[in-house]
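The primary structure of each chain is shown beneath.
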Amino acid sequence: MRAARGIAVSTAQRELLGVAEVLLERLGSGLYIHRAAAYWELMLESAEASGESVLDVLSALAAKESVVKLDSSVPVRALFDRVSEKLVGAGVATREDIEAITVGEMTTEELFERLESANEEGGRDIARRLAKAWIQRQGVISGAVMCEAAQDGHDAVVRALMEAGAGGNKANNG
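We now turn to the structure provided with this report. Owing to the predicted nature of the structure, the values given are computational and were not obtained by experimental measurement.

1. Here's the deal with the packing of aromatic side chains
Now for step 1: Considering all chains together, one arrives at 1 aromatic pair under this definition.
Now for step 2: Ring plane angle 75 degrees and centroid distance 5.0 Å describe the contact between tyrosine 39 and tryptophan 40, whose orientation is recorded as edge-to-face.
Now for step 3: Given a relative accessible area of 2%, tyrosine 39 falls into the buried group.

In structure tokens:
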């Protein structure tokens, strides 16, 4: 990663970052969390310098490192939070965009809690948007998720999932 940082944004830098990614995957980025944070920081800088979507890189970071499960003091999570705030502050992304990135990494129980609180805080529209983002991230909504929400009395969750297109087994991406 030191070599990748030392050269300008280019194909060579991307290739070096690709090697770093493979090494982190094989070694386990959880064990090398500071190296993982350095890798993602370089990826974000590279995307910004080359005009690529920083939001897409941030989304990949969230998915690969499971940032929603990490404490804010963990370097990768701190980087995610810092870049998210920067993007929102610059008007490049909204809080809803950032929420949509993280909602896909939630467990069903976490989703239920978040949809319930979103419904209470901002109404059905926010809950529906979050449910749709979760559906798109998960790809498939099984009947079991809907049944679980209904059986546990999560009426707002069932409504949000239905309004977001979770009525069938496949997500409605249209």
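There is more to say, and it comes next.
2. With respect to the pattern of salt bridges
Once their charged atoms are close, side chains differing in charge can pair, the charge on each being opposite to the other.
Now for step 1: Going through the model one piece at a time under the given rule, you end up with 4 salt bridges.
Now for step 2: Lysine 86 is paired through a salt bridge with glutamate 48; the nearest N and O atoms lie 3.7 Å apart. Of this pair, lysine 86 sits in helix 5 (residues 75–89) while glutamate 48 sits in helix 3 (residues 33–50); the two residues are 38 residues apart in sequence, bridging distant segments of the chain. The exposure classification of lysine 86 matches that of glutamate 48, with both residues exposed.
Now for step 3: Linking aspartate 81 and arginine 77 is a salt bridge whose minimum nitrogen-to-oxygen distance equals 2.9 Å. You can see aspartate 81 and its partner arginine 77 sitting in helix 5, 4 residues apart, about one turn around the helix.

3. What to know about helix 5
Now for step 1: Here helix 5 contains 15 residues, and its C-alpha end-to-end distance of 21 Å stays within 8% of the 21 Å for a straight helix at 1.5 Å per residue.
Now for step 2: All of the buried residues along helix 5 are Val76, Leu79, Phe80, Val83, Ser84, Leu87 and Val88. Seen along its axis, helix 5 keeps its buried residues to an arc of 160 degrees; they face one direction. In helix 5, the exposed residues that point more than 90 degrees away from the buried face are Lys86 and Gly89.
Now for step 3: Looking at the packing, one finds that the buried side of helix 5 touches helix 3, helix 4 (54–65) and helix 6 (95–103).
Now for step 4: Looking one or two residues past helix 5, glycine 91 carries a phi angle of roughly 80 degrees, positive in sign.

Cut-offs applied
- Residues numbered from 1 in each chain as written.
- Predicted model: local features only at pLDDT ≥ 70, side-chain atom pairs only at ≥ 80, totals over all residues.
- Heavy atoms only, no water.
- Phe/Tyr/Trp six-rings, centres within 6.5 Å; stacked < 30°, edge-to-face > 60°.
- Buried < 20%, exposed > 50% of the residue type's maximum accessible area, 1.4 Å probe, protein only.
- Salt bridge = Lys/Arg side-chain N within 4 Å of Asp/Glu carboxyl O.
- Helix = DSSP H or I, 4+ residues; strand = E, 2+ residues; numbered from the N terminus.
- Expected span 1.5 Å × (residues − 1).
- Arc of directions from axis to C-beta.
- Contact = heavy atoms within 4.5 Å.

By themselves these figures say nothing about function.
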